[in-house]
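Reading the structure
Chain residues, written in single-letter form:
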Amino acid sequence: MQSKGAIRFLAIALAVVCVYQLSFTVVTKYWENKAEKIAAGDAAMAKAYLDSLATVPVYNLLVKNFTFGECRDNEINLGLDLKGGMNVTMEVSLHDLIRSMSNFSKDGTFNKALAEASQMQATSQKDFVTLFGEAFVKVDANARLSAVFATKDLQDRINLSSSNEQVLSVIRQEADAAFDRTYQIIKTRIDKFGVTAPNVQKLAGNRILVELPGIKEPDRVRKLLQGTAKLEFWETYENKDMYPILASVDTMLGKLNKKDTLAVTDTTKTDTTTTAADTARKDTSDIAKLMGKLTADTDSTAEADTSAEKSFEEIAKENPLFAYLTPAYFQNEQGQTELRKGPVIGIAPVKDTGKVNKFLAMEKVRAKFPKEFKALWTVKPYDKEGKFIELVAIRMPARENTAPLEGDAITDARKQKGQFTDNWEIEMNMNAEGAKKWKRLTGENIGKCIVVVLDDNVYSYPVVQGEISGGRSQITGTFTIKEAEDLANILKVGKLPAPARIIEDTVVGPTLGQESIDSGFLSFVIALILILVFMVAYYNNAGWVADVALFVNVFYIMGVLASLGAALTLPGIAGIVLTIGMSVDANILIYERIREELRHGKGLRLAVDDGYKMAYSSIIDANVTTILMGVVLFILGSGPIQGFATTLIIGILTSMFSAIFISRLIFEARLAKNKVIKFSNKYTEGLFKNININFVVRRKKYYIFSSILILAGIVSFVTKGFDFGVDLVGGRNFMVSFDKSITTSTIADALKNPFGGQAPQVKTIGTGNTFSIITDYRITESGEGVDNEVTQKLEEGLSSIAGNKHEVLKSVTVGPTIADDLKAAAVFAVILSWIIIFIYILIRFKKWQFAAGATIALVHDVLVVMSVFSMLTGILPFTMEIDASFIAAILTVMGYSINDTVVVFDRVREFTGIHHTLDQKTVINNALNATLSRTINTSLTIFFVLLAIFLFGGDVIRGFIFAMLVGIVIGTYSSVCIATPVVIDLAKDKKVQL
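To keep things clear, this report deals only with the structure shown in the data block.

Criteria and thresholds
- Residues numbered from 1 in each chain as written.
- Predicted model: local features only at pLDDT ≥ 70, side-chain atom pairs only at ≥ 80, totals over all residues.
- Heavy atoms only, no water.
- Helix = DSSP H or I, 4+ residues; strand = E, 2+ residues; numbered from the N terminus.
- Buried < 20%, exposed > 50% of the residue type's maximum accessible area, 1.4 Å probe, protein only.
- Contact = heavy atoms within 4.5 Å.
- Areas by Shrake-Rupley, 256 points an atom, 1.4 Å probe, with all protein chains shown as cover.
- Core = buried A, V, L, I, M, F, W, Y, C linked by side-chain atoms within 4.5 Å.
- Pairing = 2+ DSSP bridges.
- Phe/Tyr/Trp six-rings, centres within 6.5 Å; stacked < 30°, edge-to-face > 60°.
- Axes fitted to C-alpha atoms, helices over the stretch in contact; angles between N-to-C directions.
- Polar contact = N/O pair within 3.5 Å; in protein donor to acceptor, adjacent residues only side chain to side chain.
- Patch = residues over 30% accessible without salt bridge, like charges linked within 9 Å, V, L, I, M, F, W, Y side chains within 5 Å.
- Salt bridge = Lys/Arg side-chain N within 4 Å of Asp/Glu carboxyl O.
- Lys, Arg positive; Asp, Glu negative; His and termini not counted.
- Charge placed at Lys NZ, Arg CZ, Asp CG, Glu CD.
- Parallel < 35°, antiparallel > 145°, perpendicular 65-115°, else oblique.
- Left-handed = near helix turned anticlockwise from the far one by under 90°.
- Nonpolar A, V, L, I, M, F, W, Y, C, P; charged D, E, K, R; others polar.

Now for the overall build of the chain. A tally of regular secondary structure across the chain gives 33 helices and 25 strands. Expressed as a percentage of its 994 residues, the buried residues of the chain come to 55%. Taking the contacts inside the chain whose residues are at least 6 apart along the sequence as the reference set, 75% of them involve residues at least 24 apart. Total accessible area on the chain is roughly 43,300 Å²; 57% of this is exposed by carbon and sulfur atoms.

Here it is as structure tokens:
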């Protein structure tokens, strides 16, 4: 074995990286368990304790001290199906954006093209702007877009002589900016929501995915996400005018503290439960030291000493406000402390902003400030670490309490390089009415700051240098290009609206999440035990080497998942378990080749060496084809499907490394010590030794059997159809559990009247009292009110069932648009997979007959699995929906099937090179028999792995796993009885030359 040193180094390095990444999960779990013990069942107290640790170093490594927040960011994330929470997919409406850019033009060609583009979007993979341009030309080839978009607001970018391509370029720029703007607004809103480890990411097709683990207020989230963004410009107070008031408030609160009459809940209660939480608050002293205000102990260890605790308690008692909010000071060149100029009146740790808000909301405190005073926090952190933010003093008109200027006045904003400097700045243009207000506002505030506020968050507070007329002005400062672009996008919130609508909504209750964790872990353990026992029972002590490689593989998978920040979902666990089953395939391939070499009379060392060499080609080809399937699945899938694909791809890569290199290193070490290695026992040694089944002669019988099965499926589909899930047809799906036994008809009857006289579809999940309730009631309508009404109707109907309590475990809402997109993507994924496989086999084996045989077998597998699903729907006692998970199963089956087929093709190629005198039928038949032991062993291993998941993995994924169980059987059958025999018929009895 060459390069053993390099392989050892790589294995050790990878192990060290995995240990490093997984250690964050261990540390996080330690502190979470500690929080649970301290809180004694009080969830709010536990959360407050963990929040207080967010900026406290709790994990000391040689390279760095990591805070609890950093550890939590680096741990293995659990998906919503494991942890519970909410998953929302939002779509930015470019239809509304384009209408707005045209000033809501009534031009017939324009509106007809816009309507056609919306229809085309359901079946096309092109972006909406491109579709709109194509539709416009289709409606009227001579029409010009400039006639519609040469408006006053766009006059500096579009004129009547602009070509259609130029206009579409401007629209596309605005569409991209609107998407980025919406993403930024949603991300900011979610960050302020206080959710642990939220995930907000951009998706293709102007969509945004929002994942909120552990959320318990879905209605509030929907309102937060879909609320109209509010951009405002406010006047400000000066820090020097506000500081005396703040000081008097701090003194007053200190006196109230001495009298024990300070009525602010949880000001110190939660954070004094442990010393670690107290220490977290000492981060205030970092800013205090910077400002020259406080001199508290600045030690930041995980466990504070008693003197530090008392020091902060004394400060908090005497100066309740300034203990959390450090006044805006700075030290001048003479070392003297001065108040900062501008509207910033204080700086506080992010975790303490809630306490400051409670102080400022007290009636006695409010009475000391002017009636026009309002305090808002900045979005941008004050420090590089993101621990602190600034508090800005806003001056509101006493009567209206409305901003003197709002976002609808902005016609355009863009980043640009400064005229006299290399700094980035923002140019802002306003309409006529806005220009008048801006002139008055800037004229009255020369030398002061105007605050730019979005959703009550301060984004900027530029100083007014002089009165600005004409509505065009520049905001200057030390902006990076990214900051300038973000602020320009924020300023355009009030113009060219592109509302973001919820098109898919999934709520998973924590009860279902815990059940998923338990069932997933149980299936994982059982499947692992099955594989370990099988490998030792069949391959003797060589099986132990495969088991060690298997454990290393699992360790690598978890470490890589942690390092990538991938969320572990239930389909992801299924992907890991399936990968474990498939990972032994490489070992089985190697061991079977070694056994062949031993039967040929070679010595153990030479047999091991040749066995590995002969198996390399099959292992690489088989796994590359499966990875190609995984890549297609990852690119075209979303949510749980992507989680499955991620773990599948990672698992295949790590399993190849473990099976080929880790096991080889172990064998080399044992051989060096002259240890006995056995690859069989007395029961398995002779299995498959002299087997000779004539697969080629029987191929027409296989064709007839497959044809009958597929035709039966077609008849079933025509007469019975498929049970499509809501993610393919749109609708709402509620998973509901009841305390007592109940029939589906009772549930449907109870919901008929609330759902407008149309009874929903009710299905039993598993054998318990859990049901899936599916309805398309008001699914074409959107908005917070619709979602709330449907939920209320559901509760109204279910509550009418006397004497049977219920719990909604999960709810899924899929709009028609995303359902159509998913169907189109599913068909595209399958066809693309066929094309990719055809090309790969053609390149690898250099004969179109082999590529065609493999592709025909894949088409056969898809049709047979769908036929079985159609025929058995409603017969088996679990849900057999054609949904996103089914698509994942189909693509996985295709990956496995091509894996198996490639192994056979590889042996055909090998035998063709050795047996020059034999005809192709004999060569192919010999190759099929030679690989039969590997085919059966691998198939049985994976089958029993899937069977363990099917039996113990929970009702939620039972249909998903059943599709793969059927697929594994059919895939094994097709690789032996369809793919290779087809090559013979396509070659027309010519000798195969490879």
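Our next topic: the nonpolar core. Ranked by size, the top nonpolar core spans 123 residues in total, and within it Tyr-591, Phe-667, Ile-841 and Ile-961 carry the most contacts. In terms of residues, this core owes the most to one element, helix 33 (residues 958–987), which gives 17 residues. The contacts of Phe-667, once residues within four sequence positions are left out, are Ala-542, Val-545, Tyr-591, Val-608, Tyr-612, Ile-677 and Phe-679. Ala-135, Ala-178, Leu-212 and Leu-225 belong to the second largest nonpolar core, which has 44 residues in total.

What follows concerns the pairing of strand 22 (residues 731–738). Along strand 22, eight of the eight residues are buried, which leaves the element largely enclosed by surrounding structure. By the alternation rule, side chains of strand 22 split into Gly-731, Asn-733, Met-735 and Ser-737 and Arg-732, Phe-734, Val-736 and Phe-738, which are all buried. Inspection of the sheet shows strand 22 paired to strand 25 (residues 806–814) by eight bridges, in the antiparallel sense. Counted as the bridge partner of Gly-731 is Val-814 from strand 25.

Residues Gln-920, Val-923, Ile-924, Asn-925, Ala-927, Leu-928 and Asn-929 constitute the buried set of helix 31 (residues 920–930). Its buried side turned inward, helix 31 meets helix 30 (884–914), helix 32 (932–952) and helix 33.

This next bit is on the packing of aromatic side chains. Following the criterion strictly, the structure yields 39 aromatic pairs and no others. Between Tyr-612 and Phe-667 the ring centres are 6.4 Å apart and the planes differ by 70°, which places this aromatic pair in the edge-to-face class. With Tyr-612 in helix 22 (residues 604–636) and Phe-667 in helix 23 (residues 640–672), the pair connects residues that are 55 residues apart, well separated along the chain. The interplanar angle of 85° and the centroid separation of 6.3 Å between the aromatic rings of Tyr-702 and Tyr-973 together place this pair among those described as edge-to-face. One end of the pair, Tyr-702, is in helix 24 (residues 699–719); the other, Tyr-973, is in helix 33, with 271 residues separating them in the sequence.

The next thing to look at is the sheet that holds strand 19 (residues 472–479). Ordered in space as 15-16-19, the three strands form an open sheet in which the pairing is antiparallel. Among the strands making up the open sheet, the edge pair consists of strand 15 (410–417) and strand 19. Put simply, the sheet's adjacent strands are angled 20° from each other on average, direction ignored. As defined by bridge partners, strand 16 (residues 424–430) adjoins strand 19 across five bridges and the pair is classed as antiparallel.

Residue placement: Leu-946 occurs in helix 32. C-alpha of Leu-946 to C-alpha of Ser-523: the two residues are 423 residues apart in sequence and 8.9 Å apart in space.

Mapping Asn-457 onto the fold places it in strand 18 (residues 457–460). Along the primary structure Asn-457 and Leu-231 are separated by 226 residues, whereas in three dimensions their C-alpha atoms are 9.5 Å apart.

Attention now moves to the pairing of strand 17 (residues 451–454). Side chains Val-451 and Val-453 project from strand 17 onto one buried face, and the interleaved Val-452 and Leu-454 project onto a second face that is buried too. Both strand 7 (residues 231–236) and strand 17 contribute to a ladder of four bridges, which runs antiparallel. Its bridge partner being in strand 17, Phe-233 is matched across the sheet by Val-452. Taken together, the three bridges between strand 17 and strand 18 define a ladder with antiparallel strand orientation.

Next up on the list: the sheet that holds strand 25. Taken together, the eight strands give an open sheet; going across it, the order is 5-6-4-20-25-22-24-23, and neighbouring strands pair in antiparallel fashion. The open sheet has two edge strands, strand 5 (199–203) and strand 23 (761–765), and neither has a second partner. Averaged over all pairs of adjacent strands, the angle between their axes in this sheet comes to 20°, without regard to strand direction. Strands in contact with helix 10 (residues 218–226) are strand 4 (85–92), strand 6 (207–213) and strand 20 (500–508); relative to strand 20, the strand with the most contacts, it is inclined by about 160°.

Within the element layout of this structure, Lys-763 appears in strand 23. Of the polar contacts made by the side chain of Lys-763, one reaches the side chain of Asp-723; its length is 2.5 Å. Not counting the four nearest positions on each side in its chain, Lys-763 is found in contact with Asp-723, Thr-744, Thr-770, Phe-771, Ser-772, Ile-774, Thr-879 and Glu-881.

As a further point, take a positive patch on the surface. A cluster of basic residues, Lys-255, Lys-258, Lys-317 and Lys-368, forms a positive patch at the surface. In this fold, Lys-368 is placed in the loop between helix 16 (363–366) and strand 12 (373–377). A relative accessible area of 36% means that Lys-368 is categorised as partly exposed.

Relative to each other, helix 24 and helix 29 (residues 848–872) sit at 50°, their axes nearing to 8 Å. It follows that helix 24 is oblique to helix 29 by the angle criterion. You can see that helix 24 and helix 29 cross each other, and the crossing is left-handed. Contacts between helix 24 and helix 29 pair Ser-706, Leu-709, Ile-710, Ala-712, Gly-713, Ser-716 and Phe-717 from the former with His-860, Leu-863, Val-864, Ser-867, Ser-870 and Met-871 from the latter. Here the contact of helix 24 with helix 29 is built from residues that sort into seven nonpolar, six polar and no charged.

Attention now goes to the pattern of salt bridges. If you walk through the whole model with that rule in mind, you get 33 salt bridges. In this structure, Glu-134 engages Lys-126 in a salt bridge whose closest nitrogen and oxygen atoms are separated by 2.8 Å. Glu-134 gets classed as partly exposed once you look at its relative accessible area, which sits at 33%. For Lys-126, a relative accessible area of 44% translates into the label partly exposed. One salt bridge in this structure joins Arg-934 and Asp-585, with 2.8 Å as the shortest N-O distance.

Turning our attention to unusual backbone geometry. For Phe-104, which is not a glycine, the phi torsion comes out positive at approximately 55°. Tracing the sequence through the fold places Phe-104 in the loop between helix 5 (94–101) and helix 6 (108–121).

It is at 10 Å that the axes of helix 5 and helix 7 (residues 128–139) come closest, and there the two elements cross at 60°. Judged by the angle between their axes, helix 5 and helix 7 are oblique. Judged by the sense of rotation from one axis to the other, the crossing of helix 5 with helix 7 is right-handed. For the pair formed by helix 5 and helix 7, the contact residues are Leu-94, His-95 and Ile-98 on the first element and Phe-128, Val-129 and Phe-132 on the second. Across the contact of helix 5 with helix 7, the residue classes break down as five nonpolar, one polar and no charged.

On the surface, Val-827, Ile-831, Ile-835, Ile-839 and Ile-843 cluster together into a nonpolar patch covering about 460 Å² of accessible area. Relative to the elements of secondary structure, Ile-831 occurs in helix 28 (residues 816–845). Assessed through its relative accessible area of 40%, Ile-831 is described here as partly exposed.

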